[in-house]
Amino acid sequence: MEKIYTRPNALNKSVSGYCPGCMHSTITKITAQVIDELGIGERTVCVLPVGCGTLGALYWNLDMVISAHGRAPAVATGVKRVSPDSVVFTYQGDGDLASIGLSEIMHAANRGENYTVLFINNSIYGMTGGQMAPTTLVGQKTTTTPGGRNPDTDGFPMKMAELIAQLTSPVYVARFAVNTPAYINKAKEGIRKAFQNQLDGKGFSLVEILSNCPTTWGMSPIDTLSYINDNTLAEFPLGVFKDREEEQS
Ligand SMILES: Cc1ncc(C[n+]2csc(CCOP(=O)(O)OP(=O)(O)O)c2C)c(N)n1
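All chains use their own residue numbering, which begins from 1 and follows the written sequence. Side-chain atom pairs in this predicted model are given and counted only at pLDDT of 80 or more, local residue features only at pLDDT of at least 70, and totals for whole chains, interfaces and linings cover all residues. To get the side-chain values, take all heavy atoms of the structure and skip hydrogens and water.

Trainee: How do you make sense of the site of the ligand when you look at a structure like this?
Mentor: Proximity is defined per residue: if any heavy atom of the residue lies within 4 Å of a molecule or strand, that residue is considered near it. Cys-52, Gly-95, Asp-96, Gly-126 and Met-127 are the nearest of the 16 residues found near the ligand. For the ligand, an oxygen atom lies 2.9 Å from a polar atom in the backbone of Cys-52. A distance of 2.7 Å is found between an oxygen atom of the ligand and a backbone nitrogen or oxygen belonging to Asp-96. Note that accessible areas follow from Shrake-Rupley with a 1.4 Å probe, and for residues the cover is restricted to the protein chains shown. In isolation the ligand exposes 590 Å². Once the protein is present, 72% of that is buried. When each cavity is represented as a set of grid points, the ligand is found to reside in the largest pocket. In DSSP terms, a helix is any run of H or I states spanning at least four residues, a strand is any run of E spanning at least two, and both are numbered starting from the N terminus. Counting residues per element, the shell around the ligand draws most heavily on helix 4 (residues 94-100), which supplies 4 residues. Taken together, the residues of the shell around the ligand break down into 6 nonpolar, 8 polar and 2 charged. Between N or O atoms, a polar contact is any pair within 3.5 Å; within protein, one atom must be a potential hydrogen donor and the other a potential acceptor, and residues adjacent in sequence are included only when both atoms are from side chains. Using protein atoms alone on a 1 Å grid, points that fit a 1.4 Å probe yet trap it form a cavity, whereas open point sets bounded by protein on both sides within 12 Å along at least five of seven lines form a pocket; residues with an atom within 4 Å of a point count as lining. Placement in a cavity or pocket follows one criterion, namely that more than half of the molecule's atoms lie within 2 Å of its grid points. Side-chain classes are defined by residue name, with Ala, Val, Leu, Ile, Met, Phe, Trp, Tyr, Cys and Pro counting as nonpolar, Asp, Glu, Lys and Arg as charged, and the others, Gly among them, as polar.

Trainee: Help me understand helix 8 (residues 181-199), please; the structure alone is not making it clear to me.
Mentor: For an α-helix, the turn length of 3.6 residues means that residues three or four places apart are oriented alike. The span expected for a helix works out to 1.5 Å for each residue beyond the first. If you check helix 8, its first and last C-alpha atoms are 27 Å apart, about what 19 residues at 1.5 Å a residue would give, namely 27 Å. Those residues of helix 8 that sit buried are Ile-184, Ala-187, Lys-188, Gly-190, Ile-191, Ala-194, Phe-195, Asn-197 and Gln-198. Looking at the buried positions of helix 8, the neighbouring elements they touch are helix 1 (24-38), helix 3 (72-82), strand 3 (87-93), strand 4 (116-121), strand 5 (172-177) and strand 6 (205-210). Think of it in three bands: residues with accessible area under 20% of the maximum for their type are buried, residues over 50% are exposed, and the middle band is partly exposed, with areas taken using a 1.4 Å probe on protein chains only. Throughout, a contact is declared for two residues whenever any of their heavy atoms are within 4.5 Å.

Trainee: Would you explain the nonpolar core in this entry?
Mentor: Across soluble globular proteins, nonpolar side chains show a tendency to be buried alongside one another. In this description, a nonpolar core means a group of buried Ala, Val, Leu, Ile, Met, Phe, Trp, Tyr and Cys residues linked to one another through side-chain atoms lying within 4.5 Å. Of all hydrophobic cores here, the largest spans 30 residues; its most connected members are Trp-60, Phe-89, Tyr-91, Ile-191, Phe-195 and Val-207. Elements that contribute at least two residues to this core include exactly helix 1, strand 1 (44-48), strand 3, strand 4, strand 5, helix 8 and strand 6. Sequence-distant contacts of Tyr-91, defined by excluding residues within four places in its chain, comprise His-24, Ile-27, Thr-28, Val-47, Leu-48, Pro-49, Gly-53, Trp-60, Leu-118 and Ile-120. Ala-108, Ala-109, Ala-161 and Phe-204 belong to the second-largest nonpolar core, a separate cluster that totals 22 residues.

And the structure:
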């Protein structure tokens, strides 16, 4: 019988413990598929953050380092510089990357470190129970903005892909989503490109992926997918914000 689907080697034989409907599971899977397809599982090192993404330690069959909150880019810098043949990626939430780790990511991007950043933007602090993140949408209710995010007191959502694309060093900065099968396929292509750039020694790539948090958004998983379509995509447009390859061609 022809096998048409199988668990990637880069995933452990375990059932996801992410909340039902959380798209961290899907992003974990497509990342594992890319790692398998590129044949780099044996030399890939994942630098995990603090947040729900830390659970990746249970699911990926890869070498791992878990960093302090927001510090994954600094740890990844050390790993990649002492072991340049390793393929290094960070997997960071929006609280981790855009709040406590804001300075880390900006400087790693500005140095043009030759590694891959996967930035999972679910517009909230998921693990700690749903506080406002820098990426929370205007009007979005969180435990710290029960009346909805108010720009007068809370500012506007921070667009990290656009900010980082303004720097000179990064080679690839793009935003994808995972709320439809077609978007998931496109996100997988973006992740592949971000890894390929590192393999080719080109430098820093960041892929932002718009995701959900059914538990802290207080919605059914299916409603979170519509919410992304109707609200998140209007604030965070999908696209490639920087691609050194295209600039040169
Ligand atoms: C130094 C430090 N400050 C705060 C915390 C508490 N904390 C743990 S996870 C987290 C937020 C994670 O949110 P995000 O990065 O958006 O990831 P998500 O859980 O939503 O995937 C916070 C504030 C911590 N563990 N360490």
